[in-house]
Amino acid sequence: SQMAFNDNEFELGIISFALHEKPGEIARKIVQEAFRVIKPGGYLLVIDYMLDKSVKPSTRMAIHLVERMAGRDHYRCFRDYHRYGGLDALLPSDRIKEEHRFHSGGIRLRLYSYSVGKTTPGN
């Protein structure tokens, strides 16, 4: 949530399975920080869980089991992440453009572009 890089230093940022395990406030700061260091016109690749109605019950149960085994605080953050809307809540579409979406089971991979003149998500 606080990186020692300059503003607009990278053309691509990647957040992989980090947002669901953090408290919502920290997850939002991670996203904001990612966009701070990504150059306008750059991209953010985000991979994390999204357990919507399309996810099979057996897959949902397996993911919950794995997340529960990671510990009480981890599992609490995982549940909260889904309660507040997961990726859809953290990555508002009005400030970035979704370029690609891939869904498989309970996993979502999304590629977003960040345009010149846009404000940082969450601000």
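Residues numbered from 1 in each chain as written. Predicted model: local features only at pLDDT ≥ 70, side-chain atom pairs only at ≥ 80, totals over all residues. Heavy atoms only, no water.

**Student:** Can you explain the side chain of Glu67? Please cite residues and give values.
**Tutor:** When you line up the elements, Glu67 lands in helix H2 (residues 57-69). Lys22 is the oppositely charged side chain nearest to the buried, salt-bridge-free Glu67, at an N-O distance of 10 Å. One polar contact links Glu67 to His20, side chain to side chain, over a distance of 3.0 Å. Sequence-distant contacts of Glu67, defined by excluding residues within four places in its chain, comprise His20, Tyr49, His74, Tyr75 and Phe78. (Helix = DSSP H or I, 4+ residues; strand = E, 2+ residues; numbered from the N terminus. Buried < 20%, exposed > 50% of the residue type's maximum accessible area, 1.4 Å probe, protein only. Lys, Arg positive; Asp, Glu negative; His and termini not counted. Salt bridge = Lys/Arg side-chain N within 4 Å of Asp/Glu carboxyl O. Polar contact = N/O pair within 3.5 Å; in protein donor to acceptor, adjacent residues only side chain to side chain. Contact = heavy atoms within 4.5 Å.)

**Student:** Give me the lowdown on the sheet that holds strand E1 (residues 10-16), citing residues and values where you can.
**Tutor:** If you walk across this open sheet you meet the 4 strands as E1-E2-E4-E3, and the pairing is mixed. Only two strands of the sheet have a single partner each, and these edge strands are E1 and strand E3 (97-104). Geometrically, the sheet is characterised by an average inter-axis angle of 10° between neighbouring strands, direction not taken into account. The sheet contacts of helix H1 (residues 24-37) involve E1 and strand E2 (38-49), and relative to E2 the element is tilted by about 150°. (Pairing = 2+ DSSP bridges. Axes fitted to C-alpha atoms, helices over the stretch in contact; angles between N-to-C directions.)

**Student:** Just give me the short version of the packing of aromatic side chains, but keep the residues and values in it.
**Tutor:** Counted by the stated rule, this structure contains 5 aromatic pairs. Ring centres of Tyr75 and Phe78 lie 5.9 Å apart, and the angle between their planes is 20°; on these two criteria the pair is classed as stacked. One end of the pair is Tyr75 and the other is Phe78, both in helix H3 (residues 72-83) and 3 residues apart, which spans about a single turn. You'll find Tyr75 and Phe78 in the same group, each marked buried. An angle of 80° between the planes, with centres 6.0 Å apart, marks the rings of Tyr81 and Tyr84 as edge-to-face. (Phe/Tyr/Trp six-rings, centres within 6.5 Å; stacked < 30°, edge-to-face > 60°.)

**Student:** Describe the nonpolar core, listing the residues and the values that go with them.
**Tutor:** Ranked by size, the top nonpolar core spans 23 residues in total, and within it Ile15, Leu19, Val31, Leu44, Val46, Leu90 and Leu91 carry the most contacts. For this core, the secondary-structure elements that each account for two or more residues are H1, E2, H3 and helix H4 (86-90). Broken down by element, this core gets its largest block of residues, 5 residues, from H1. Beyond its immediate chain neighbours, meaning those up to four positions away, Leu90 contacts Leu19, Ala27, Arg28, Val31, Tyr81 and Tyr84. (Core = buried A, V, L, I, M, F, W, Y, C linked by side-chain atoms within 4.5 Å.)

**Student:** For the pattern of salt bridges, give the residues involved together with the corresponding values.
**Tutor:** Considering all chains together, one arrives at 10 salt bridges under this definition. Of the charged contacts in the structure, one is a salt bridge between Arg36 and Asp7, with a shortest N-O distance of 2.6 Å. Of this pair, Arg36 sits in helix H1 while Asp7 sits in the segment before E1, and the two are 29 residues apart along the sequence. Looking at Asp7, the relative accessible area reads 48%, which means it is partly exposed. One salt bridge connects Arg110 with Asp88, and the closest N-O pair in it is separated by 2.6 Å. With Arg110 in strand E4 (residues 107-113) and Asp88 in helix H4, this pair connects stretches of sequence that are 22 residues apart. Within this structure, Asp7, Glu33 and Arg36 form a network of salt bridges that share partners.

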